[in-house]
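Residue-level structural notes
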Amino acid sequence: MVRKNQASAAPTRRRGLVVGNYCHDVIIRDDVVVAETLGGASSFISAVLDGLEIPADYVSKVGPDFLYAVNHPPITSSTSPTTLFQAHFSSEPRREDRVLKRVSSCDPISPSDLPNARFDFGMAVGVAGEIIPQTLEKMLDVCDVVFVDLQALIRVFDPDDGNVKLVGLKESGFFHLLPRIGFLKASSDEAPFLDVEEARKWCCVVVTNGKEGCRLYWKDGEVDVAPFLADQVDPTGAGDSFLGGFVAGLVHGLAVPDAALLGNLFGSLTVGHIGLPKFNSRLLQRVKDEVQRRKVQCIGLRERCNDEFKFTKSLGHEQFLASLGASILTFPCPIQEYRWDLPSSPDELEQGIDPQYTSRQKYLLDSVFEEQINSVGTKP
């Protein structure tokens, strides 16, 4: 199933490599701007990995107009602006929950932008077409296992209005790399653009489904992983936090279903925050303790053998679910309230708000756990 990639030794070895640009997100409802915030999958993933003390190198590009303070500084391009998305919502009933537009885009990430090192794991988490096939191929060469968010591969953008469309993986230019990918994550809205039955022959496919949790598909089977209850304030970035938690679980040696529980946990925590989550430090310590206990419990069960991952649920999975759920109840994250009296210009943002792990508040949307990304084109 998941095989380590064979490549020549690099000068140094590091833990993780996360590749994907930071963005500036603008949320618009009924033609009125109601929120602006730091976006991009890398920002949400770093909140999880940093919180669980998992070191990683981050490769992101921004323009000179980038205003946010981040823990992992990006590469600044002198020739292009920071990637900017507009998410258009309407109070009028219509087929699409939102129309997503890429207004501007920063330079793509090239293979030469990646560090000269080998990595235990890599995460390809582009949101605006910044990851090109050559870059993903380089990641597969230098990382033992690579986790890929499907949106990084199948999003395309209308050249006239920037509307986001989805194309089938076979038409994306990345399909030939599928046999080398370790884990491929897709939302339930993106899954129709992926032939799950074909993909599961080569890698583990993780399909997230909001309040229903997620489903794991691999060559020999499939399994559902339960969600956690959540008080939803803002669903933005929940899928990215899920992927961060999922990878963190596997890095700590958990079986795949147990790691998916950790992903569901961080997805549920993220929807209770406006913008980037700032997790309770005591909660993070409790989660780390529960992960360690679960890891010790599973040592005798041989959850991993010959560098292969264990995909089936083992004894104690339901107890791990209960223990993580109890952690949330013991150290609840405060639910943030929406405010209307917010700064609306970059100057106000610079002068009045520390942008690290904050945002100009975002509108309370109706979807659960993950924003629905609808294709403007025709589904396959």
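Reading the values: rules and limits
- Residues numbered from 1 in each chain as written.
- Predicted model: local features only at pLDDT ≥ 70, side-chain atom pairs only at ≥ 80, totals over all residues.
- Heavy atoms only, no water.
- Phe/Tyr/Trp six-rings, centres within 6.5 Å; stacked < 30°, edge-to-face > 60°.
- Lys NZ or Arg CZ within 6 Å of the ring centre and 35° of its normal.
- Buried < 20%, exposed > 50% of the residue type's maximum accessible area, 1.4 Å probe, protein only.
- Helix = DSSP H or I, 4+ residues; strand = E, 2+ residues; numbered from the N terminus.
- Pairing = 2+ DSSP bridges.
- pLDDT = per-residue confidence, 0-100.
- Contact = heavy atoms within 4.5 Å.
- Axes fitted to C-alpha atoms, helices over the stretch in contact; angles between N-to-C directions.
- Left-handed = near helix turned anticlockwise from the far one by under 90°.
- Nonpolar A, V, L, I, M, F, W, Y, C, P; charged D, E, K, R; others polar.

Now for the packing of aromatic side chains. One pass over the full model with this rule turns up 10 aromatic pairs. Looking at Arg 102, its charged tip hangs above the ring of Phe 157, at a distance of 4.0 Å from the centre.

Here we take up the pairing of strand S2 (residues 23-29). By the criterion of burial, S2 is predominantly enclosed, with seven of the seven residues buried. When S2 meets strand S3 (residues 32-39), the two strands line up antiparallel, connected through seven bridges. Note on S3: the bridge partner recorded for Ile 27 is Ala 35.

This part covers the confidence of the model for the chain. Scored by pLDDT, the chain has a mean of 83; 79% of the residues are at 70 or more. In this model, residues 302-306 is a region of pLDDT below 50 whose contacts with residues beyond four sequence positions or in other chains number 10 contacts.

Moving on to the packing of helix H5 (residues 238-251) against helix H6 (residues 256-270). The geometry of H5 relative to H6 is characterised by a closest axis approach of 7 Å and an angle of 145° between their N-to-C directions. In this structure, the crossing between H5 and H6 has a hand that is right-handed. Each of Ala 238, Ser 241, Phe 242, Gly 245, Phe 246, Ala 248, Gly 249 and Leu 250 in H5 lies in contact with H6, whose residues at this interface are Val 256, Ala 259, Ala 260, Leu 262, Gly 263, Asn 264, Phe 266, Gly 267 and Thr 270. Per-class residue counts for the contact of H5 with H6 are 10 nonpolar, seven polar and no charged.

All right, on to the environment of Pro 81 then. As for its position among the elements, Pro 81 is in the loop between strand S6 (75-76) and strand S7 (83-89). Each C-alpha atom of the pair Pro 81 and Gly 63 lies 4.0 Å from the other, and the pair is 18 residues apart in sequence.

What follows covers the sheet that holds strand S16 (residues 221-225). If you walk across this open sheet you meet the eight strands as S4-S1-S9-S10-S13-S14-S15-S16, and the pairing is mixed. What marks the edges here is a single partner per strand, and that holds for strand S4 (57-59) and S16. Ignoring which end each strand starts from, the neighbouring axes of this sheet average 15° apart. Pairing analysis gives three bridges linking strand S1 (residues 13-19) to S4, with the strands arranged parallel. In the sheet register, Val 18 faces S4, and the bridge partner there is Tyr 58.

With respect to the helices and strands, Gly 182 occurs in the loop between strand S12 (164-166) and strand S13 (183-187). For Gly 182, a relative accessible area of 3% corresponds to the buried category. Once the C-alpha coordinates of Gly 182 and Cys 204 are considered, the two residues, 22 residues apart in sequence, prove to be 6.4 Å apart.

Of the two faces of S16, only one is covered, namely that formed by Gly 221, Val 223 and Val 225; the face formed by Glu 222 and Asp 224 stays uncovered. Sheet topology note: the strand S15 (residues 214-218)/S16 ladder contains five bridges and is antiparallel. Bridging across to S16, Cys 214 finds its partner in Val 225. Linking two consecutive strands that pair antiparallel, namely S15 and S16, is a turn of two residues.

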